[in-house]
Every structure is written in C-alpha cells, then in structure tokens.
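Understanding the architecture of this molecule
Take a look at the letters that make up each chain.
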Amino acid sequence: MITGAHIIIYSTDAEADRALLKDALELDNIDVGGGCLLFKLPPAEAAVHPSDENDKHELYLMCDDVERAVRRLNGLGIPCEPLSTQGWGLMTRIRLPGGGSLGLYEPRHARP
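Residues numbered from 1 in each chain as written. Predicted model: local features only at pLDDT ≥ 70, side-chain atom pairs only at ≥ 80, totals over all residues. Heavy atoms only, no water.

Attention shifts here to the pairing of strand β5 (residues 89–95). When you tally the buried positions in β5, you get 5 out of 7 residues, the bulk of the element. Across 3 bridges, the pairing between strand β4 (residues 84–86) and β5 is antiparallel. Opposite glutamine 86, over in β5, you have glycine 89 as the bridge partner. Across 7 bridges, β5 lies against strand β6 (residues 101–107) in antiparallel orientation. In the sheet register, arginine 93 faces β6, and the bridge partner there is glycine 103. Between β5 and β6, which pair antiparallel one after the other, the connecting turn spans 5 residues, and glycine 99 there sits at a positive phi close to 105°. (Buried < 20%, exposed > 50% of the residue type's maximum accessible area, 1.4 Å probe, protein only. Helix = DSSP H or I, 4+ residues; strand = E, 2+ residues; numbered from the N terminus. Pairing = 2+ DSSP bridges.)

Right, let's get into the pattern of salt bridges. This model, assessed by the stated rule, comprises 6 salt bridges. Two residues, arginine 95 and glutamate 81, come together in a salt bridge whose shortest N-O distance is 3.8 Å. Taken together, the positions of arginine 95 in strand β5 and glutamate 81 in the loop between α2 (66–75) and β4 put the pair 14 residues apart, joining distant regions of the chain. For glutamate 81, a relative accessible area of 35% corresponds to the partly exposed category. Here glutamate 106 and arginine 108 are joined by a salt bridge, their closest N and O atoms 3.8 Å apart. Residue arginine 108 is classed as partly exposed on the basis of its relative accessible area, which comes to 48%. (Salt bridge = Lys/Arg side-chain N within 4 Å of Asp/Glu carboxyl O.)

Looking now at the packing of aromatic side chains. For the coordinates displayed, the defined rule picks out 3 aromatic pairs. Seen from their ring centres, tyrosine 60 and tyrosine 105 are 5.8 Å apart, and the 90° between their planes marks the pair as edge-to-face. Highlighted residues: tyrosine 60 in strand β3 (residues 60–62) and tyrosine 105 in strand β6, separated in sequence by 45 residues. Each ring, one from tryptophan 88 and one from tyrosine 105, has its centre 4.9 Å from the other, and the planes form 85°; the classification is edge-to-face. Note that tryptophan 88 is positioned in the loop between β4 and β5 and tyrosine 105 in strand β6, a separation of 17 residues in sequence. Using a relative accessible area of 8% as the deciding quantity, one classes tyrosine 105 as buried. Residue placement shows arginine 93 over the ring face of tyrosine 60; its charged tip is 5.7 Å from the ring centre. (Phe/Tyr/Trp six-rings, centres within 6.5 Å; stacked < 30°, edge-to-face > 60°. Lys NZ or Arg CZ within 6 Å of the ring centre and 35° of its normal.)

Formed by 18 residues in total, the largest nonpolar core has its most connected members in Val66, Leu73, Ile78, Ile94 and Leu104. Secondary structure elements with two or more residues in this core: α1 (14–24), β2 (37–39), α2, β5 and β6. Among residues more than four places away in sequence, those in contact with isoleucine 78 are Leu20, Ala24, Leu73, Ile94 and Arg95. (Core = buried A, V, L, I, M, F, W, Y, C linked by side-chain atoms within 4.5 Å. Contact = heavy atoms within 4.5 Å.)

As structure tokens, this is what we get:
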C-alpha cells in the first residue's frame, strides 16, 4: 500500500540548505529540473506522539555516532546545538543556512 514518503523542508534559503544536504550530509540526490534536488534518504521509521496540537511534525536524521558527526559538521563550519541525552538517544540539532534546523540523533531505542 505505502511505497515511500516524501518529506518537504521549507526554507528561506533553499539553495543553501540543499547544498548542506548534498555536500555536508552527503545525501545522494537527483536534479529534477531547475536546481530542485530530490534527496535519497536512508530507511526511515515513523512515530505518533500525543500532543495538544495537530499538524506539528518533526524531522530527525539518525546516525551511528552523533559525537563524530557533530565534530565533522563543526569542522565544515556547520553549527550544531550541544548534545543532550534523551531516554531514546543522544541528540543535537543542525542549524541550516536558511535559518531552520534538523534534528540528528544516535538512537538508543529498539528499531523496527
């Protein structure tokens, strides 16, 4: 029934954010025209959490060693929030050039 997911990141500087995903995070991509890149993502999982509001969604990328990833990103001049330990993993947020951010974490929970 479901064959995949399409995630959209809205940005005030889409070109710079695309460059970060392509060059710093090294995500494979294709140009579908006019510089609009579609990025291949690794396997994903989805969760539904209780909330007092609807239409609130978050995007987290996962990695095997978040401390190493932060060192690499910082070395490229990409700021990351300080690491924080959560019950489900060790996390940070990557600051995007367009002003937004992406969550990045090393999972410590069971994976489907």
